[in-house]
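Below, each chain spelled out in residue letters.
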Amino acid sequence: MLLNTKLQFIWSFGCGKGSFIAKLAVLNPNINYIAVDLVDPMLGLSKRNIEKSYAEAGRENNNIILARHDIERINFFMSKEDVVDRIYINFCNPWPKPKHRKKRLTHTKQLMLYREFLKDGGEIYFKTDDDGLFNDSIKYFQEAGFEILDMTYDLHENNIFEVNIETEHEKMYTDEGKCIKALICKKIQPKEDERK
Ligand SMILES: C[S@@+](CC[C@H](N)C(=O)[O-])C[C@H]1O[C@@H](n2cnc3c(N)ncnc32)[C@H](O)[C@@H]1O
């Protein structure tokens with residue numbers, strides 16, 4: 001159940017098993033979190049991880065909601081009237097084949113949908129192990145009117161976040177010896193001559 005008094009709304013797209021959002025929400029009780037995944041068993045695991053995090057903190061969850069949605073179709077359930085402050089996209093599927101790239105959650109086509117409900121100056125925090133996805137996403141963010149505020153090709157050597165909370169996939173790829181790539185970008189107004 002969300003409290004009306006909370007001012008910020010932060011979403012996690014493709015939350016997976018949810019331990020990231022569970023830890024983040026416990027640290028920030030004055031922010032509302034909405035964690036979305038497409039797969040029911042992931043949401044079940046997220047629910048248990050959220051309950052565990054709150055039990056360890058000795059509190060009850062009053063700031064995370066779990067939702068089953070397809071982010072590719074987010075425009076069917078979110079619109080201009082919804083105001084989102086920040087979106088986390090952690091280790092989304094890299095869809096390496098050219099014919100599948102539009103399915104990437106950071107593709108320009110997707111980012112244009114997020115622009116509808118992300119407030120001006122709202123941020124996207126993105127992490128991946130995949131070099132191809134990361135380099136392409138830098139271009140996608142710029143094409144879709146986002147300014148890159150900070151980025152790194154090795155998050156664990158050069159942390160760009162206030163606090164980095166490791167996700168399940170981050171741990172797995174780090175254990176395999178892969179570097180984690182990350183960036184923070186913010187929604188800016190397109191220049192007058194770029195507006196359609
Ligand atoms: C590679 S896992 C990463 C999970 C988690 N974020 C992490 O870092 O450990 C990608 C997750 O995104 C979810 N997902 C993939 N496509 C999605 C979509 N179109 N809408 C919502 N969730 C999606 C998958 O079900 C999966 O749980």
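This text follows the structure it describes.
Residues numbered from 1 in each chain as written. Predicted model: local features only at pLDDT ≥ 70, side-chain atom pairs only at ≥ 80, totals over all residues. Heavy atoms only, no water.

1. Things to note about helix H5 (residues 168-175)
The test is simple: Any N or O atom pair separated by 3.5 Å or less is treated as a polar contact, with the protein-specific requirement of one donor-capable and one acceptor-capable atom, and with residues adjacent in sequence counted only for side-chain atom pairs. In this description a helix means any DSSP run of H or I spanning at least four residues, a strand means any run of E spanning at least two, and both kinds are numbered starting from the N terminus.
N-capping of H5 is provided by Thr-167, with a side-chain oxygen placed 3.4 Å from the backbone N of His-169. Trailing H5 by a residue or two, Gly-177 shows a phi angle of about 90 degrees, which is positive.

2. Description of the sheet that holds strand S4 (residues 84-90)
Strands belonging to one sheet form pairs held by backbone hydrogen bonds; the direction of such a pair is parallel or antiparallel. Stated formally: Strands pair, by our definition, only if DSSP identifies at least two bridges between them. The axes used here are C-alpha line fits, helices contributing only the stretch in contact, and every angle between their N-to-C directions lies in the interval 0 to 180 degrees. We call two residues in contact when some of their heavy atoms are within 4.5 Å.
Strand order in this open sheet of 7 strands is S3-S2-S1-S4-S5-S7-S6, and the pairing throughout is mixed. Both outer strands of the open sheet, strand S3 (64-68) and strand S6 (146-152), are each paired with one neighbouring strand and no more. Adjacent strand axes in the sheet meet at a mean angle of 20 degrees when their direction is disregarded. This element, helix H1 (residues 19-27), spans strand S1 (8-13), strand S2 (31-37), S3, S4 and strand S5 (118-128) of the sheet and lies at about 175 degrees to S2.

3. Structural notes on the nonpolar core
One broad rule of soluble globular proteins: the nonpolar side chains tend to lie buried together. Stated precisely, the cut-off is as follows: Throughout, nonpolar core names a set of buried Ala, Val, Leu, Ile, Met, Phe, Trp, Tyr and Cys residues whose side chains join them through atoms within 4.5 Å. Relative accessible area decides the class of each residue, using a 1.4 Å probe on protein chains only: under 20% of the type maximum gives buried, over 50% gives exposed, and in between gives partly exposed.
Phe-13, Ile-87, Ile-89, Tyr-114 and Ile-124 are the most contacted members of the largest nonpolar core, which totals 28 residues. The set of elements that each furnish at least two residues to this core consists of S1, S2, S4, helix H3 (108-115), S5, helix H4 (131-143) and strand S7 (181-187). The element contributing the most residues to this core is H4, with 5 residues. Setting aside anything within four residues of it in sequence, one finds Ile-124 in contact with Ile-87, Ile-89, Leu-111, Tyr-114, Leu-118, Phe-141, Phe-146, Leu-183, Ile-184 and Cys-185. Within the second largest apolar cluster, 26 residues are counted, among which are Ile-10, Val-26, Ile-160 and Tyr-173.

4. With respect to the site of the ligand
For clarity, the threshold we go by: Near is defined per residue: the residue qualifies when any heavy atom it owns lies within 4 Å of the molecule or strand. Note on areas: Shrake-Rupley with a 1.4 Å probe; residue coverage comes only from the protein chains shown. Grid spacing is 1 Å over the protein atoms alone, the probe is 1.4 Å, and a cavity is where that probe fits but cannot get out, while a pocket is an open set with protein on both sides within 12 Å along at least five of seven lines and lining residues have an atom within 4 Å of a point. Molecules are considered to sit inside a cavity or pocket once more than half of their atoms lie within 2 Å of its grid points.
Taken together, 16 residues are adjacent to the ligand, and Gly-14, Asp-37, Asp-70, Ile-71 and Thr-167 come closest. A distance of 2.6 Å is found between an oxygen atom of the ligand and a side-chain nitrogen or oxygen belonging to Asp-37. For the ligand, an oxygen atom lies 2.7 Å from a polar atom in the side chain of Thr-167. Across the complex, the protein chains shield 85% of the 590 Å² of accessible surface that the ligand would expose by itself. When atom positions are compared with the pocket grids, the ligand is found to occupy the largest pocket.

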